[in-house]
Amino acid sequence: HVVSMAKLPKINIIYEDNHILVVEKPINIPVQADNTNDLDLLTILKQYRKDKENKQGNVYLGLVHRLDRPVGGIMVFAKTSKAASRLSEQVRNKEFKKRYLVIVDGKLEKNREYA
């Protein structure tokens, strides 16, 4: 995708430094390109970096973890391959902590597993 920043959805940048980019992923936006050809978060954030940093050509943005399309939440992206490697290692070693909050409409059955 080649997209103008004016046409991109607004993404809330929570934190950014030279190594990582932490953003709020909106619901119903895929994290990466899929067969729907809908605009994805990775493409949006690469365009954000290109425009912000005034870069020509491709920019690097490492996908360290994913959230399903219908899920919104905080995501961490690596701005360098070294950061991607270190973050991926933290995920593998379970040092990278994730928390989930679920909002339910209705009642859940007792003693039933939900996955």
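Above this note sits the structure.
Residues numbered from 1 in each chain as written. Predicted model: local features only at pLDDT ≥ 70, side-chain atom pairs only at ≥ 80, totals over all residues. Heavy atoms only, no water.

**Examining helix H1 (residues 41–53)**
For H1, spanning 13 residues, the distance from its first C-alpha to its last is 18 Å, which sits close to the expected 18 Å at 1.5 Å a residue. Among the residues making up H1, those that are buried are Leu41, Leu42, Thr43, Ile44, Leu45, Gln47, Tyr48 and Arg49. Tucked inside the fold, the buried residues of H1 contact strand E1 (12–16), strand E2 (20–25) and strand E4 (73–78). One or two residues past the end of H1 sits asparagine 54, with phi positive at roughly 50°. (Helix = DSSP H or I, 4+ residues; strand = E, 2+ residues; numbered from the N terminus. Expected span 1.5 Å × (residues − 1). Buried < 20%, exposed > 50% of the residue type's maximum accessible area, 1.4 Å probe, protein only. Contact = heavy atoms within 4.5 Å.)

**Topic: helix H2 (residues 81–92)**
Taking 1.5 Å per residue, 12 residues should reach 16 Å; H2 reaches 16 Å between its end C-alpha atoms and fits that length. All buried positions along H2 are accounted for by Ala83, Ala84 and Leu87. For H2, the angular spread of the buried residues around the axis is 100°, confining them to a single face. Residues of H2 that are exposed and point over 90 degrees away from its buried face: Ser81, Lys82, Arg86 and Arg92. Where H2 is buried, its residues touch E2 and E4. (Arc of directions from axis to C-beta.)

**Considering the nonpolar core**
Leu21, Val23, Leu41, Leu45, Met75 and Phe77 are the most contacted members of the largest nonpolar core, which has 15 residues in total. Sorting the residues of this core by element identifies E2, H1 and E4 as the ones contributing at least two each. Per-element tally for this core: the top contributor is H1, with five residues. Counting eight residues, the second largest nonpolar core, distinct from the first, contains Val76, Ala83, Ala84 and Leu87. (Core = buried A, V, L, I, M, F, W, Y, C linked by side-chain atoms within 4.5 Å.)

**Remarks on the sheet that holds E2**
With antiparallel pairing, four strands are arranged side by side in an open sheet as E1-E2-E4-E3. Only two strands of the sheet have a single partner each, and these edge strands are E1 and strand E3 (62–63). The pairing of E1 with E2 spans four bridges and is classified as antiparallel. When the bridges of E2 are listed, asparagine 12 appears paired with glutamate 24. (Pairing = 2+ DSSP bridges.)

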